[in-house]
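Structure assessment
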Amino acid sequence: MAKIFLDGVDLTLDEDEKGLVYERVSSILAGQNRVVYSISVDGVEMDPQAFVATEGGSIVEFSSMEVGDLVTQSLVSSEKYMPKLRKGVIDIANLLEQEKIENAMSMSVQAMEGLDWVLSSVGRCASILGCRSEEAAFVKFQEARSGLEMIMGSVVDSFESGKTFKPALVLREEVPPLLDVISEFVSYLQSQSDDRKN
């Protein structure tokens, strides 16, 4: 079995299957109000799914972070990314109007990956901060999230059927207001996080 370190300290675990190791380390950290921040196997950093799927490895190093710090960092990253996402969506609309379909498709894949990252990150932060499903801000976020996911799916369908005008209009008119809702929710979560620290 590989040597396992958590924040530089040698850990002795009964578990040897990687999925169980990850769960055990996560549960140790949960008791300290911390979460796994990074994992590396023999110096190669990887995400949890890759770690669970890897074979072998002689040294596994887990680094942790205090939950509040992780939330703060995630929200700051999301906030910084939102203007880039908004610009990307408008750029895709412009490319579609110029009938530069290949460029628009390639850019839309990046935009969808970025959007997915933001929505997942913000959703996790909401969960960590204990947002209740009936809270007005959370309801608005969920509605915007569903709307964005549906719109981006329909934009891809339109690409595939060779339509450009309608998706350009949707991206220009319907997506920015939904991104505004996501930005407002990020600000709301930042204030919740700050309240917890004070």
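Attention here is on the structure that accompanies the text. (Residues numbered from 1 in each chain as written. Predicted model: local features only at pLDDT ≥ 70, side-chain atom pairs only at ≥ 80, totals over all residues. Heavy atoms only, no water.)

**Section: the sheet that holds strand β2 (residues 9-11)**
The strands making up a sheet are joined through hydrogen bonds of the backbone, oriented either antiparallel or parallel. For clarity, the cut-off: Any two strands with at least two DSSP bridges between them are considered paired. Counting from the N terminus, the helices are DSSP H or I runs at least four residues long and the strands are E runs at least two residues long. Axis definition: a line fitted to C-alpha atoms, over the contacting stretch in the case of helices. Angles run 0 to 180 degrees between N-to-C directions. Throughout, a contact is declared for two residues whenever any of their heavy atoms are within 4.5 Å.
The strand order β2-β1-β5-β3-β4 describes an open sheet built from 5 strands, whose pairing is mixed. Only two strands of the sheet have a single partner each, and these edge strands are β2 and β4 (44-46). The mean angle between the axes of side-by-side strands here comes to 35°, regardless of whether they run parallel or antiparallel. With 3 bridges joining them, strand β1 (residues 3-6) and β2 adopt antiparallel strand pairing. Of the residues in β2, the one forming a bridge with F5 is D10. Across the sheet, helix α1 (residues 18-30) touches β1, β2, β3 (34-41) and β5 (59-66), and the angle it forms with β3 is around 145°. In the packing of helix α3 (residues 67-97) onto the sheet, the strands contacted are β3 and β5, and the crossing angle to β5 comes to about 80°.

**Section: helix α5 (residues 136-160)**
Worth spelling out the cut-off: To estimate how far a helix should reach, multiply one less than its number of residues by 1.5 Å. Exposure is judged per residue with a 1.4 Å probe applied to protein chains only, and the accessible area is read against the type maximum: over 50% gives exposed, under 20% gives buried, and values in between give partly exposed.
For α5, built from 25 residues, the straight-helix expectation of 36 Å at 1.5 Å per residue is met to within 8% by its first-to-last C-alpha distance of 37 Å. Within α5, burial applies to F138, F141, A144, G147, L148, I151, M152, V155, S158 and F159.

**Regarding the environment of V118**
Looking at the secondary structure, you find V118 in helix α4 (residues 101-128). What makes V118 buried here is its relative accessible area of 0%. Through-space distance from the C-alpha of V118 to that of G162 is 28 Å; in sequence the pair is 44 residues apart. Among residues more than four places away in sequence, those in contact with V118 are Y81, M82 and I182.

**As for the pairing of β1**
Side chains of β1 alternate between two faces, with I4 and L6 buried and K3 and F5 left unburied. The sheet contact formed by β1 and β5 spans 4 bridges and is parallel. Across the sheet, the residue bridging to F5 is E61, located in β5. As consecutive antiparallel partners, β1 and β2 are separated by 2 residues, and within that stretch D7 has a phi angle of approximately 50°, a positive value.

**Observations regarding α1**
What sets the pattern is the α-helix's 3.6 residues per turn: residues three or four places apart point alike. Counted only if it meets this: Relevant arc is that of directions from the helix axis to the C-beta atoms, nothing else. Under this definition, polar contacts are N or O atom pairs within 3.5 Å; protein pairs additionally need one hydrogen-donor-capable and one acceptor-capable atom, and for neighbouring residues in sequence, both atoms have to be side-chain atoms.
Taking 1.5 Å of rise per residue, the 13 residues of α1 would be expected to cover 18 Å, and the 18 Å separating its terminal C-alpha atoms lies within 8% of that figure. If you check which residues of α1 are buried, you get K18, G19, V21, V25 and L29. All buried residues of α1 project into a common sector of 160° when viewed along the axis, lining one side. Exposed and facing more than 90 degrees away from the buried side of α1 are E23 and A30. Its side-chain oxygen placed 3.0 Å from the backbone nitrogen of G19, E17 serves as the N-cap of α1.

**With respect to the state of the cysteines**
The condition that has to hold: Any cysteine sulfur atom paired with another within 2.5 Å is treated as part of a disulfide.
Throughout the structure, instances matching the rule amount to 0 disulfides. Of all cysteine sulfurs in the structure, the one in C131 sits closest to C125, which takes part in no disulfide; the separation is 9.7 Å. Classification of C131 as buried rests on a relative accessible area of 16%.

Treat this as a map of the structure, not an account of what it does.
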